[in-house]
Each structure stands twice: as structure tokens, then as C-alpha cells.
There are 2 protein chains.
Amino acid sequence: MNDRLYKCLSNTNRRKILYCIGEEEKCVNEIAECLDLEQSLTSHHLKDMLDCALIEKRREGKRIYYKVSASEILEILEKGKELGDKLEERC
Amino acid sequence: MNDRLYKCLSNTNRRKILYCIGEEEKCVNEIAECLDLEQSLTSHHLKDMLDCALIEKRREGKRIYYKVSASEILEILEKGKELGDKLEERC
DNA sequence: CACTTGTATAAACGATCATTCATATGAATA
DNA sequence: TATTCATATGAATGATCGTTTATACAAGTG
């Protein structure tokens, strides 16, 4: 599971999606537009993250809303950002 | 850089190596033996992690000692472990 | 010097990944 | 019911990854 977790986080688009739906839920098209990604690519990434429970979904009519499933996920992203900055100085 | 960071963490063998040299430095053969990995595979992984500064090296005679470069790395691993456990219950 | 020990590197391979394109499904609406 | 809107899925493709094998290199030792 840890492999899958970090693999999910290792893609820039997926991390952007997580930030995008970290505070408030959004439907697929909103996410896609917000990040300037193809709808199908967005769906693929959402599926990956849903599969390892990083996000949750909720249907409302024909739209499906996604949001980050736990605050710890954003915390790790934050820590990763800080660490990344720190490591960047060295290489 | 964040891509590279999480990519490094996304492999079980690399994470094992990080734990292995998290507390005390070890030379390549010690790491390889400790984790039951081929020497060349160990070297490859070490190079990957050295390239993004997750680890540091120090030569002593013909041996080269490696250790984790910052405590935040182990902290992220810890957080990742906890998060992984939490997510696992859900999928 | 030749030899050994410890480590790095390069080539090769199948496996997985990220993305795109085309198409299918599902829900609402005319 | 036919159409449209929102999303999901499958196939295809090039790119990257993880591992193994063989070999090179670097430092110490006889």
C-alpha cells in the first residue's frame, strides 16, 4: 500500500488535483478546467487516487464530486514540499 | 523535485534502505546484505537517492558509507506509514 | 606489480506509467 | 425516446522504472 501511496503522490498532475480538491469538493469538469487537463486524463488520475482511498466521491445528478479523504494527505504534501525545497538546495 | 522525491519513496527496496541507514551509516555491502539485495541493485538505488539528496556518502578506504541526509525524511516515512495503514482499511 | 575487495556503471529486458484518442455509460432533459 | 451533458473506460503508444548480468573502476594488500 505504501508503494501505491507514494506512486500516487509522485505525479505532478495528481498532486495538483489533490490541492485542488483539498479544501472543497469539485466535480470532474471543474477539476479538469481548473488545472487545464483533459477530462479523460483527469478521470484516470481520479480513479488511481480513488483506488487507494486518497480521495472520495459523491454523486449528485449527473455530476460526481470528489474531495480529499483525509487531512493527513495534505499534511504529507506540505511536509513533502518543505523537504523538497530543502533537498533542492543540495543538488 | 517533488516528483523525484516521491518517486524515490515509492519503491519498497529504497524505503527499506532509508530505514536501514536512518539511524547509522552503513557501507554498500552491509546494506545489501542487511536487506538481502544484490550489490548492484543496492548501488543503483543508492545512486537514485543520492541524486536527489535523500542520502549522503562518505568514503573510508575502499568502502563508501551512506546515511540518510535529514531527519525530515524519516518523519515523512513515518507519516506515510500511518497514512498507509489508515487508507488500507478503506480499500 | 598482480590480486583482491568494494563499489559503480552500462546494456538489456520486461513491467509499469502518463497521456491521448475514441468510445461507452449514466443521468437529465427536450 | 432521442439528445445532450458529465463522466468513465479501453486501447494504443512512448516513456520511465526495477532488476539482472556482466564488466569497469578504485583502493588497499601480497
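Placed above this text is the structure.
As the structure is a computational prediction, the values presented were derived from the model and not from experiment.

Cut-off values and rules
- Here the residue numbers are simple positions, counted from 1 along each chain's written sequence.
- Note on labels: chains are lettered from A, ligands numbered from 1, in written order.
- In keeping with the predicted nature of the model, local features appear solely for residues at pLDDT of at least 70, side-chain atom pairs appear and are counted solely at 80 or more, and the whole-chain, interface and lining totals rest on all residues.
- Water and hydrogen atoms were dropped before computing side-chain values, which therefore reflect all heavy atoms in the structure.
- For two strands to be treated as a pair, DSSP must find no fewer than two bridges joining them.
- In DSSP terms, a helix is any run of H or I states spanning at least four residues, a strand is any run of E spanning at least two, and both are numbered starting from the N terminus.
- Proximity is defined per residue: any heavy atom of the residue falling within 4 Å of a molecule or strand makes that residue near it.
- Any pair of nitrogen or oxygen atoms within 3.5 Å is treated as a polar contact; in protein, a donor-acceptor pairing is required on top of that, and neighbouring residues in sequence qualify only through side-chain atoms on both sides.
- Amino acids outside the nonpolar list (Ala, Val, Leu, Ile, Met, Phe, Trp, Tyr, Cys, Pro) and the charged list (Asp, Glu, Lys, Arg) are all regarded as polar, and Gly is one of them.
- Here the copies were fitted onto each other by least squares, based on C-alpha atoms from residues at pLDDT of at least 70 in both.
- Put simply, a patch holds well-exposed residues, over 30% relative accessible area, that have no salt bridge, with like charges counted together within 9 Å and Val, Leu, Ile, Met, Phe, Trp or Tyr side chains within 5 Å.
- Surface exposure here means Shrake-Rupley accessible area, sampled with a 1.4 Å probe, where a residue is shielded only by the protein chains that are shown.
- By definition, a salt bridge exists where a carboxyl oxygen of Asp or Glu is found within 4 Å of a side-chain nitrogen of Lys or Arg.
- Neither His nor the chain ends is counted toward charge; the positive residues are Lys and Arg and the negative residues Asp and Glu.
- To locate a charge, the coordinates of NZ of Lys, CZ of Arg, CG of Asp or CD of Glu are taken.
- Accessible area is worked out with a 1.4 Å probe on protein chains only. A residue is then buried under 20% of its type maximum, exposed over 50%, and partly exposed in between.
- This arc corresponds to the set of directions leading from the helix axis out to the C-beta atoms.
- We call two residues in contact whenever any of their non-hydrogen atoms come within 4.5 Å of each other.
- Put simply, buried area is the surface a 1.4 Å probe can reach on two separate parts but cannot reach once they are joined, added for both.

S.K.: Let's hear about the pairing of strand β3 (residues 63-68) of chain B: which residues, and what values?
M.R.: Residue and element names in this part refer to chain B. Of the pairings in the sheet, the one linking strand β1 (residues 26-27) to β3 comprises 2 bridges and is antiparallel in character. Bridged to C27 within β3 is Y65. Summarising the sheet, strand β2 (residues 55-60) and β3 pair through 6 bridges and their orientation is antiparallel. Across the sheet, E56 pairs through a bridge with K67, a residue of β3. In this structure, the hairpin formed by β2 and β3 is closed by a connection of 2 residues, where G61 is found at a positive phi of approximately 65 degrees.

S.K.: How would you sum up the protein's contact with DNA strand D? Please name residues and give values.
M.R.: As a matter of local geometry, DNA strand D sits amid 23 residues, with N29, Q39, H44 and Y66 of chain A together with H45 of chain B nearest to it. The separation between a phosphate oxygen of DNA strand D and a polar main-chain atom of V28 of chain A is 3.2 Å. Those elements giving two or more residues to the surface near DNA strand D turn out to be α3 (28-35), α4 (39-51) and β3 (63-68) of chain A together with α2 (12-20) and α4 (39-51) of chain B. The element best represented in the surface near DNA strand D is α4 of chain A, accounting for 5 residues. Residues of the surface near DNA strand D, tallied by class, amount to 5 nonpolar, 11 polar and 7 charged.

S.K.: Could you give me a rundown of the relation of the copies chain B and chain A, with the residues and numbers involved?
M.R.: If you rotate chain B by 180 degrees and push it 0.0 Å along the axis, it lands on chain A with an RMSD of 0.0 Å. Classification of the inter-copy transformation places it as that of a two-fold axis. Residue Y6 of chain B of chain B places its C-alpha closer to the rotation axis than any other residue of that unit, at 2.7 Å.

S.K.: Any chance you could break down a negative patch on the surface for me, citing the residues and the numbers?
M.R.: Residues and elements named next belong to chain A. On the surface, a cluster of negative charge is made up of E78, E82, D85, E88 and E89. You can see E89 is positioned in the segment after α5 (71-88). For E89, a relative accessible area of 72% puts it in the exposed group.

S.K.: Let's hear about helix α3 (residues 28-35) of chain B: which residues, and what values?
M.R.: Residues and elements named next belong to chain B. Looking at α3, one finds that the buried residues are V28, I31, A32 and L35. With its buried residues spanning 95 degrees around the axis, α3 presents them on a single face. When the buried face of α3 is taken as reference, the exposed residues oriented beyond 90 degrees from it are N29 and E33. Those residues of α3 hidden inside the fold are in contact with α2, β1, α4 and β3.

S.K.: Any details on the interface of chain B and chain A? Residues and values, ideally.
M.R.: Contacts between the two partners involve 33 residues from chain B, matched on the other side by 34 residues from chain A. The junction of chain B with chain A conceals about 2900 Å² of combined surface from both sides, 63% of it contributed by carbon and sulfur atoms. For the interface between chain B and chain A, the tally reads 6 salt bridges. Where D3 of chain B meets R15 of chain A, a salt bridge forms, and the shortest distance between an N and an O atom there is 2.7 Å. The tally of links between chain B and chain A comes to 10 residue pairs in polar contact (both at pLDDT 80 or more). Looking at the side of chain B that touches chain A, the elements that each hand over two or more residues are α1 (2-9), α2 and α5 (71-88) of chain B.

S.K.: Which residues make up unusual backbone geometry, and what values do they have?
M.R.: Residues and elements named next belong to chain A. Although it is not a glycine, D36 adopts a positive phi angle of roughly 55 degrees. As for its position among the elements, D36 is in the loop between α3 and α4. Residue class for D36 comes out exposed when judged on its relative accessible area of 70%.

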